[in-house]
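Tertiary structure, described
Residues per chain are reported as follows:
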Amino acid sequence: MDIEAECCSTHLIEGDGTFNAVGLDNFIKQVKLAECGLSYAVVAIMGPQSSGKSTLLNNLFYTNFREMDAYRGRSQTTKGIWIARCPAIEPCTIVMDLEGTDGRERGEDDTAFEKQSALFALAVSDIVLINMWCHDIGREQAANKPLLKTVFQVMLRLFSPRKTTLMFVIRDKTRTPLENLEPVLREDIQKIWDSVPKPEAHKHTPLSEFFNVQVVALSSYEEKEEQFKEQVADLRQKFFHSIAPGGLAGDRRGVVPASGFSFSAQQIWKVIKENKDLDLPAHKVMVATVRCEEIANEKYSSFVTNENWLELEEAVQSGYVSGFGKKLSSLLNKSLSSYDEEATYFEDSVRSAKRKQLEEKLLQLVQPAYQLMLEHIKSGTLENFKKALIDALNGGQGFAVAARDNTAKFTRLFEEQCEDAIIKQAKWDSSKIRDKFSRDLDSHILEVRTAKLSELNALYETKLKEGLYGPVEALLEGGSDDTWAAIRKLLHQVTEKAVSEFSFALSGFEMDEEEKEEMILKLKNYARGVVEGKTKEESAKVLYRMKERFTSIFNHDNDSMPRVWTGKEDIRAITKMARSSSLKLLSVLAAIRLDEENDTIGDTLVLALVDPKKATNNKTTLSDPLASSTWEEVPPTKTLITPVQCKSLWSQFQKETEYTITQAIASQEANKRNNNWLPPPWAIAAMVVLGFNEFMTLLRNPLWLLVIFVSYLLAKALWVQLDISGEFRNGALPGILSLSTKFIPTVTNLLRKLAEQGERPVNPTPQTIQGSTSGFSSTASSEVTNENEMEYTSPTSRSHNKDL
């Protein structure tokens, strides 16, 4: 490897005191100092101007600092502070070349920069090389004494003993052995230390607390170059593994991690320039604070833009993510571990505090995703629970068992998924979401239980209504003495069957007996309510039902055949029977009798409305029994039609049925008149007396009898054909008008038939004549029908045919 290529240098501090922060950052990136952690060392060199400091560094560390050109005269070569990396030395070693002291360019009194640069070098360096001439040792006013005083003074301003290695490099060593030079040098150093004013805290602090003093001697570079290089090569070996125990910087304290070197150097120089006391422990905390915060911010920003985190966050928005806790914990662990790696060398308290802050920020960032994940778990598990519960119930499993088993199953699943979502770095309490999940389960179970019980109740209410509504209506329409007994029996049978099935269905809910009995009682009351409701509905139509029953009984006989009012029926008895039956219907619907309690409603109605004479003759009855708004022995809640209302309904009923009775009487009278065709007896007697002469004339001339007989047949045929009795049934004028239109066609029809009979053979046998006459008679009589399509034959014609 090319050593010169590994060497990298930059101007750290300008001669005017300007700190080259950008150049230092570029230098640190170029030499990858930030990756070194604590495995690096900083070496600085001090000494008088033109004392060969740059030459020594270039030969010792293979750097490329600018050296003085001796042929051009002795002048200032290094201005400010330069920094470079020492190639081929482990660990990474950074060397700083400071501007020489006691230079004529700055003048005799301008020692401010010298003190500032010395303080800076002591604050940031682990090893400080003091470059001095051999002939200055032992002199009272040698150039090294002001430098050492400056070093000691500024060291005491660091506010803490920082063990720095002071390596005195004696240049141009003479024949005097190093063993003789070193004691003298150490004695001078001690005197200078003792003479330096110290703060109260360090009045008795020995030099060894601040410095590890070492002394080396080098031959002259110009006169003995080869020997100089050999000695420098030996000295170079001491800088290998300098930070290891026993090395040149083995007991260093308060070292700043490499990643904070740039910031630390800038802050130290800033404090020095402002002429403030440099408190290295506080500075170390400050550097650690700034750098750890920077590292934490970098890790936070890196986590925010991490693709794995973004994918995980997006996936959580859509729904449940398996292994969410492990994935997120791993991402957080990587971020925190990366922070630990970079901040591991900074102050423990600061590092831990910033790590905690980073952890809190990261957890605060991921907490919404975690909460959303818990919501997905809760909602998803709840939905699956709902489906499983419905499937179990549809499969015939009892509600209580299904609810209990599925609650245990999905609660366990919820706990497992919550455990899977736990983030190891977080100590979040998930009891709220667990409690909410438990409440949601209980709420849904209660909701389904209520709905199922409601459905079950509605189902059996429907069965009760179907089993009671129609039959009760039929029984009430039949209205008899045993109607309510039949209704009570029907109610008991239907209710007991429904209650038995309902009780069995309720057993799957495992409810307490009190609640079960309450629901059964409610169902029984519903059954009674159906009957009561239907009874109230029928009672509202009682007048219509009474008229319907009256009409049915009045117009039909015992065989349910329509009555024909021939005149033999007892209309009074039929009317009384029909009204009594209608009154029975009224008494049945007057009150609800679901309890087996006797009442006198029927008897009261009969006495008051059908047989009022009995009620009048009864001496115990002092007033109208229906002049009241209540029935005896019947509570108002069960009364549907009050006595007063019954009386009013009966009166209206009688008025509306009078027409039917009147019509029946009129029909009976009409039938009587139609069936009585003979004249009255007095008319017959008058006819015999007054028609005696005509009768005798007929006896003397029998042809008249034949003419009269034929005329009778023709008249009878016309009577039947024209249906004269039927035509006059609707009135005289309509009958006359109708007959006037039908008379001529009917006569024409008869004459045509007679003509047809005349066209037969002239000499018929007696049998033929007899058959012909008989045929005419039968033909004429067969064509005579009434409006009911019934055939009638005249008695006269029947006798005539018989005679023939």
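Just so it is clear, the model here is predicted, and its values are computed rather than measured.

1. Thoughts on helix α4 (residues 112-124)
The terminal C-alpha atoms of α4, which comprises 13 residues, lie 18 Å apart, in line with the 18 Å expected from a rise of 1.5 Å per residue. Most of α4 sits inside the fold, with 11 of its 13 residues counted as buried. Those residues of α4 that fall on the buried side of the exposure criterion are F113, E114, Q116, S117, A118, L119, F120, A121, L122, A123 and V124.

2. Focus: the UniProt feature "binding site: GTP" (unreviewed entry) in the chain
In this numbering, the UniProt entry assigns the feature "binding site: GTP" (unreviewed entry) to G47, P48, Q49, S50, S51, G52, K53 and S54. Restricting the annotated residues to those that line the second largest cavity leaves G47. Inspection of the secondary structure puts P48 in the loop between β2 (40-46) and α3 (53-61). Within the fold, G52 resides in the loop between β2 and α3.

3. So, the pairing of strand β1 (residues 9-13)
With respect to burial, β1 is a largely interior element, four of its five residues being buried. As paired elements, β1 and strand β3 (residues 81-86) share four bridges and run antiparallel to each other. Its bridge partner lying in β3, I13 is registered against I81.

4. Some thoughts on the confidence of the model for the chain
Here the chain shows a mean pLDDT of 82. Residues at 70 or above account for 86%. Within the model, the stretch residues 764-804 combines pLDDT values under 50 with 34 contacts to residues more than four positions away or in other chains.

5. A few points about the nonpolar core
By size, the foremost hydrophobic cluster in this structure holds 168 residues, and its most contacted members are M96, F120, F152 and F211. By size, the runner-up hydrophobic cluster in this structure holds 23 residues, among which are L57, A84, V95 and L248.

6. A closer look at the packing of helix α14 (residues 431-478) against helix α16 (residues 513-540)
For the pair α14 and α16, interaxial distance at closest approach is 9 Å and the crossing angle is 35 degrees. Handedness of the α14/α16 crossing: right-handed. Of the residues that constitute the contact of α14 with α16, the class distribution is 13 nonpolar, two polar and 10 charged.

7. Considerations on the sheet that holds β1
The strand order across the open sheet formed by seven strands is β1-β3-β4-β2-β5-β6-β7, and the pairing between neighbours is mixed. Only two strands of the sheet have a single partner each, and these edge strands are β1 and β7 (211-217). In this sheet, neighbouring strand axes are inclined to one another by 25 degrees on average, regardless of whether the strands run parallel or antiparallel. Docked against the sheet, α4 engages β1, β2, β3, β4 (92-98), β5 (127-133), β6 (164-171) and β7, running at close to 170 degrees with respect to β4.

Conventions adopted
Residues numbered from 1 in each chain as written. Predicted model: local features only at pLDDT ≥ 70, side-chain atom pairs only at ≥ 80, totals over all residues. Heavy atoms only, no water. Helix = DSSP H or I, 4+ residues; strand = E, 2+ residues; numbered from the N terminus. Expected span 1.5 Å × (residues − 1). Buried < 20%, exposed > 50% of the residue type's maximum accessible area, 1.4 Å probe, protein only. UniProt positions renumbered as here; feature names shortened; annotations may be inferred. 1 Å grid on protein atoms, 1.4 Å probe; cavity = no way out; pocket = protein on both sides within 12 Å on 5 of 7 lines; lining within 4 Å. Pairing = 2+ DSSP bridges. pLDDT = per-residue confidence, 0-100. Contact = heavy atoms within 4.5 Å. Core = buried A, V, L, I, M, F, W, Y, C linked by side-chain atoms within 4.5 Å. Axes fitted to C-alpha atoms, helices over the stretch in contact; angles between N-to-C directions. Left-handed = near helix turned anticlockwise from the far one by under 90°. Nonpolar A, V, L, I, M, F, W, Y, C, P; charged D, E, K, R; others polar.

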